[in-house]
Amino acid sequence: MIRRVGTGGGQGPGVGMIRMGSLEVTPAGSLSWALRDNGSEAVSLDKTMMPVPDGHPDVFDREWPLRVGDVDRTGRLRLDAGCRHIQDIGQDQLREMGFEDTHPLWIVRRTMVDLIRPIEFQDMLRMRRWCSGTSNRWCEMRVRIDGKRGRGLIESEAFWININRETQMPSRMVDDFLTALQKTTSVDRLRWKGYLKPGSRDDATEIHEFPVRGTDIDFFDHMNNSVYWSVVEDYLASHPELLRWPMRTTIEHEAPVALGDKLEIVSHVHPPGSTDQFGPDLVDRTVTTLTYAVGDETKAVAALFSL
């Protein structure tokens, strides 16, 4: 059920917990203690992602087929399925590098996905993953997904935080691992800046409930990261006029969603002329935001717009 309640909206930072394949993830709580918004960073929702350093020996490169469970009714690779692939290649790379045991706990703070051209059923996925920025406790990782047979292309960037198993606080990465990550980037003072703020119920365009199912809950007893992207796919199915590529979708996470939570999606449509709050180059775009709310608590915020 969708309840339409007017127009308007708001925006700012977001942490969702994600299990990177077999990697463990801190079980609960927000990351307000982990990272403070650094307003001095000159970046925003309209940022330019680092291009793939094609041919670099430290770009992790894998291929696997696009299967029927990953596509929508038109044959397009869904965003939630794409993010599962992004999660899987992260596990594979960590294992290949030999650091799966020393760095088993990670939290994703933000994932940005650019659907440049749709990747279609029966294509072969080529996935390349590399680091685009580091600090000593977190990093940004880029993943590019190419459809090898067609011209489909998805670009992504995720902000990952290394977590200490005992303290469940951000933890320094070991020097060898950090050195390996830095082979593909010169950014070694990466700071967090939130791009999104939660929208209010009072001036929402729509509010609808998203039922949390038992199959949405992972080994760590919270809703898996890919399900947040299922919310986006459901919204796009109800608003097909938004599904125009190239398009950018960003999700920032605040706190985990548990089984039994009454999750509501609070949407706002920000018209051109009001969207410079998201980035100076977006003033002429419509930006749609989705606030994932359980009661008065914000769990995540998403933003969608055409590139």
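Keep in mind that what you see is a predicted model, and the values were worked out from it rather than measured.

Next up on the list: the pattern of salt bridges. Counting across every chain of the model gives 24 salt bridges. In this structure, Lys47 and Glu157 form a salt bridge, with 2.7 Å as the shortest nitrogen-oxygen distance. Pair noted here: Lys47 is in the loop between β1 (2-4) and β2 (60-65) and Glu157 is in strand β6 (residues 153-162), with a separation of 110 residues, a long-range link. For the residue pair Lys47 and Glu157, the accessibility class agrees, reading buried in each case. Note that Arg144 is salt-bridged to Asp146, the shortest N-O span being 2.8 Å. Judged by relative accessible area, Asp146 falls into the buried class, the value being 13%. Several salt bridges converge on common partners, so that one network encompasses Asp54, Arg128, Arg142, Arg144, Asp146 and Glu155.

Right, let's get into the layout of surface pockets. Over the atoms, a rolled probe matching the size of one water molecule traces out where space is still vacant. Empty space within the largest pocket amounts to approximately 330 Å³. What lines the largest pocket is a set of 17 residues, among which Asp72, Arg76, Glu233, Asp234 and Ala237 lie closest to the centre. With six residues, the single largest contributor to the lining of the largest pocket is helix α3 (residues 225-238). Taken together, the residues that form the lining of the largest pocket break down as six nonpolar, two polar and nine charged. The space that makes up the second largest pocket amounts to roughly 270 Å³. As for the second largest pocket, its lining consists of 18 residues, of which Val43, Lys47, Glu140, Val187 and Leu190 are closest to the centre. Partitioning the lining of the second largest pocket into residue classes produces seven nonpolar, three polar and eight charged.

Counting 40 residues, the largest nonpolar core has Val232, Leu263 and Tyr292 as its most contacted members. With seven residues, the single largest contributor to this core is α3. Core analysis: the next-biggest nonpolar cluster, separate from the first, contains 13 residues, Phe99, Val108, Cys131 and Met141 among them.

What follows deals with unusual backbone geometry. In the segment running from Trp245 into Pro246, the intervening peptide bond is cis, with an omega of 5 degrees. For Gln122, which is not glycine, the phi torsion reads 75 degrees and is therefore positive. Looking at the element boundaries, Gln122 is found in the loop between β3 (106-117) and β4 (124-134). Overall, the relative accessible area of 52% leaves Gln122 in the exposed class. Although it is not a glycine, Gln168 sits at a positive phi angle of roughly 55 degrees.

On to the confidence of the model for the protein, then. Considering every residue of the protein, the mean pLDDT works out to 88; 86% of them sit at 70 or more. Contacts for the low-pLDDT stretch residues 1-42, under 50 throughout, to residues beyond four places or in other chains number 164 contacts.

Before going further, it helps to spend a moment on the packing of helix α1 (residues 79-97) against α3. The N-to-C vectors of α1 and α3 enclose an angle of 160 degrees; their axes lie 7 Å apart at closest approach. When the axes of α1 and α3 are compared, the pair comes out roughly antiparallel. Between α1 and α3 the crossing geometry is right-handed. Counted together, Leu79, Asp80, Cys83, Arg84 and Gln87 of α1 and Asn225, Ser226, Trp229, Ser230, Val232, Glu233 and Leu236 of α3 form the full contact between these two elements. Looking at the contact of α1 with α3 residue by residue, the classes come out as five nonpolar, four polar and three charged.

Here Thr291 is to be found in strand β10 (residues 287-294). One polar contact links the side chain of Thr291 to the main-chain amide nitrogen of Gly199, over a distance of 2.8 Å. In contact with Thr291, other than residues within four places in its own chain, are Pro198, Gly199, Glu264, Ile265, Val266, Thr298, Ala300 and Val301.

Evaluated as defined, the whole model comprises zero disulfides. In this structure Cys131 is a free cysteine whose sulfur lies 5.2 Å from that of Cys139, the closest cysteine sulfur available. Overall, Cys131 belongs to the buried group, its relative accessible area being 2%.

A few words on the pairing of strand β9 (residues 263-270). A large share of β9 lies buried, amounting to seven of its eight residues. As judged from the four bridges shared by strand β7 (residues 206-209) and β9, these two strands associate in the antiparallel manner. Considered in β9, the bridge of Glu206 is made with Ser267. Two elements, β9 and β10, share eight bridges in a ladder whose sense is antiparallel. From the neighbouring strand, Glu264 faces β10, where its bridge partner is Ala293.

Thresholds, definitions, all that
Residues numbered from 1 in each chain as written. Predicted model: local features only at pLDDT ≥ 70, side-chain atom pairs only at ≥ 80, totals over all residues. Heavy atoms only, no water. Salt bridge = Lys/Arg side-chain N within 4 Å of Asp/Glu carboxyl O. Helix = DSSP H or I, 4+ residues; strand = E, 2+ residues; numbered from the N terminus. Buried < 20%, exposed > 50% of the residue type's maximum accessible area, 1.4 Å probe, protein only. 1 Å grid on protein atoms, 1.4 Å probe; cavity = no way out; pocket = protein on both sides within 12 Å on 5 of 7 lines; lining within 4 Å. Points joined across faces, edges and corners; volume = space filled by probe spheres on them. Nonpolar A, V, L, I, M, F, W, Y, C, P; charged D, E, K, R; others polar. Core = buried A, V, L, I, M, F, W, Y, C linked by side-chain atoms within 4.5 Å. pLDDT = per-residue confidence, 0-100. Contact = heavy atoms within 4.5 Å. Axes fitted to C-alpha atoms, helices over the stretch in contact; angles between N-to-C directions. Parallel < 35°, antiparallel > 145°, perpendicular 65-115°, else oblique. Left-handed = near helix turned anticlockwise from the far one by under 90°. Polar contact = N/O pair within 3.5 Å; in protein donor to acceptor, adjacent residues only side chain to side chain. Disulfide = S-S within 2.5 Å. Pairing = 2+ DSSP bridges.

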